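Tertiary structure, described
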Amino acid sequence: MSNTKNIEGYNGIYLERSGKDSLAMVETLMNPPEFPLVESEKDEIQSFETFIFNHDVLDGITVGELPSIIKSETTTAPQFFAEAFLKGKITLPELDGVNPTFDSSADVYKWLASQVHNSTVDEETMRKMAKESSKYYVRLASEKLLDGGQPDSSTLDYMSIVLNPDEIIRGSESAVQARQFLKSLRHDYKEGGNRLDGAKRALIDVYLAKINRQVVGNMTTLDYLVDQSKLIGDEDTASVAAGVIPPAIFNALEKRDSSALKVLDYLRNGKGFDEDGNATAVDEEVIGYDAPDSPESVARQPLFTIEQREKLKDFKLKPQEMIGLYSRILRSGGLLSSEDSSTWSPTRTTRAADGKWQVVINPGRGIFEVDGYNGSFKVPSEERSIFDCIITGGFHELEHVNQNEINHSLSKNLKIIGLKGKRAGMLFEGGANFKQRQAEAALFGKSKPISLAYARALQVIENGGSIFDAARASYKEKLRTLPDSDPAELATVAARSVLRLKAHGGMDSQPMAYAEEVIMGQELKNSPVEVKARAVAVTSLDFVDQVRLYRYGLLELPESAGQDWTEFIMKEAEPYIKAALSVA
């Protein structure tokens, strides 16, 4: 019996970038399982997984709860740009009588840290402040992108502030203990001999891979917490947070060692190589991509003209209007929860009682987002065009709802399928982008090409460039691939989007998942339709983990590809479309 370490997708201690070796792994998933378990053995595996899932690692936190408890860095430690505070641009009504004046960036960050420490300002208001400060930065940066100038260094000054230190420390300590538990358990089961032991080892490895990614991902957030605690003289919290980070990594983070940040990024997201064989997060297969338009991205007789498309882009919907729109769409598809959306909160880790979806405003964030854990379809906290609501919020995000529903259904056999998987973003985004491109082509004639804007920006960051240098690289790439678009709009998107790449201490290549689908696409381009369909059948586990489980017959195919939302989207969007097109 072969070992899982021989599965394609590895590069030494690192996984390869998403999409690499796709063909070999999908073909494995298309063939019969190598070591299929009988039903009684599968029952034993389910019991074994329940033991792992329910194992209490710290104060009632179980292994299975960890992936839903630990939130993304943008939620737990948003970026605050000091200049917006220094110039009095943060004028939220919640801060009446609270917001002081500042003399320096250090004053701003010290004040923010003290608000967290003393619980003077609640988390929601803190997120609103972060959002307002980012919007101020984006406005200034986009203006400079348009006029070719360079912003002042003070404009680029920001700090990530951890909003709930106790939660971060508790979750991080739990992840470390879960890792220790799984590593210890792993020694009891070997591959290459007993089939059932091999299956248990494979299951442990899938869990361990998820927890390892969480442990690594928490390190930079803990380092933020050390810095902000020292600002206000809270040495106790600083010591506790530092104690969860391995000493060698802590020392590297304290020195702002860029090579250490790259290693942590490779552990989280995989490692690629450029054309010279140097390690990079931007694999040469992505940069070398220059394929002609695919059939799903071009239509001969679109539903709308170019002029009508521009009118749809100009017609804006408020957040409450978007809540109504998507509530009606989800209700038509039978997936809207009967539970009032007021029962939802950002910290909730389970769905509504009926297991269906609630539509809510994304707290402090101007993007569409789907959270399968707590069953929330989040609309932006600011206006968006009906074009965006149809294409991005509609066809793209509702496909994410389908994906979550499929994974939720499959998790009835193995709970881990319902948990967030490491590096599964390429499959999630690849499947949703495919639906989005199909719809955009059918409605408007042609969809936007796969973007390399993140790749160009990330290359700049890898070489030591600033956040604005990265934005300029992204903007130039957008101008090249979208020559008919409004430069001002492209500049705003570029300035805003690259902020994601500066997470995790300044180096986070996770957004490359939006481009790395091209690697999978190139590998599967000559494959039969059924092979391509299998590639995006399960999206909560990356290919490596899918193969691990499938070899023992533990991964089933979904019964359907999910709801076709086209009719519901267009029906509910029709009044807004008519209103937009009636504008002179």
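Use the structure listed above.
In this report, we go over the structure that sits alongside the text. Fair warning: this is a prediction, and the values are worked out from it, not measured in the lab. (Residues numbered from 1 in each chain as written. Predicted model: local features only at pLDDT ≥ 70, side-chain atom pairs only at ≥ 80, totals over all residues. Heavy atoms only, no water.)

The next subject is the packing of helix α2 (residues 39–53) against helix α8 (residues 165–186). For the pair α2 and α8, the least separation of the axes is 11 Å and the interaxial angle reads 145°. Contacts between α2 and α8 involve F48, F51 and I52 on the former and, on the latter, F181, L182 and L185. Here the residues of the contact of α2 with α8 are counted per class, giving six nonpolar, no polar and no charged. (Axes fitted to C-alpha atoms, helices over the stretch in contact; angles between N-to-C directions. Helix = DSSP H or I, 4+ residues; strand = E, 2+ residues; numbered from the N terminus. Contact = heavy atoms within 4.5 Å. Nonpolar A, V, L, I, M, F, W, Y, C, P; charged D, E, K, R; others polar.)

Inspection of every chain in the model, using the stated rule, returns 30 salt bridges. Across the pair E83 and K87 runs a salt bridge whose closest N-O atoms are separated by 3.1 Å. Among the residues examined, E83 registers a relative accessible area of 7% and is labelled buried. In this structure, E143 and R139 form a salt bridge, with 3.4 Å as the shortest nitrogen-oxygen distance. Placement of both E143 and R139 in helix α7 (residues 123–147) is noted, with a separation of four residues, approximately one turn of the helix. Given the relative accessible area of 40%, R139 is considered partly exposed. Via salt bridges that share partners, K20, D283 and E285 belong to a single interconnected network. (Salt bridge = Lys/Arg side-chain N within 4 Å of Asp/Glu carboxyl O. Buried < 20%, exposed > 50% of the residue type's maximum accessible area, 1.4 Å probe, protein only.)

For the rest of this paragraph, the subject is empty space enclosed by the protein. Scanning all chains against the criterion turns up four cavities of 30 Å³ or more. Looking at the largest cavity, its volume works out to about 100 Å³. The set of elements that each furnish at least two residues to the lining of the largest cavity consists of α17 (425–444) and α23 (543–550). Considering only residue class, the lining of the largest cavity consists of six nonpolar, three polar and five charged. Of the voids in this model, the second largest cavity is the one considered here, and its volume is about 80 Å³. Residue lining of the second largest cavity: K71, T75, T76, E123, R127, L163, N164, E167, P346 and T347, and that is the complete set. Put simply, the parts of the chain that give the lining of the second largest cavity at least two residues each are α4 (73–76) and α7. Classifying every residue of the lining of the second largest cavity gives two nonpolar, four polar and four charged. (1 Å grid on protein atoms, 1.4 Å probe; cavity = no way out; pocket = protein on both sides within 12 Å on 5 of 7 lines; lining within 4 Å. Points joined across faces, edges and corners; volume = space filled by probe spheres on them.)

This paragraph deals with the pairing of strand β12 (residues 376–379). Here β12 shows a buried face lined by S376 and K378 and a second buried face lined by F377 and V379. Here strand β11 (residues 369–371) folds back onto β12, and the loop between the two strands holds four residues, one of which, G375, carries a positive phi near 60°. (Pairing = 2+ DSSP bridges.)

Here we come to the nonpolar core. By size, the foremost hydrophobic cluster in this structure holds 109 residues, and its most contacted members are I52, Y137, Y207, I416, F543 and L549. Residues within four places of Y137 in sequence aside, it is in contact with F81, T155, L156, I467, F468, A495 and L499. By size, the runner-up hydrophobic cluster in this structure holds 36 residues, among which are L325, I390, L443 and Y576. (Core = buried A, V, L, I, M, F, W, Y, C linked by side-chain atoms within 4.5 Å.)

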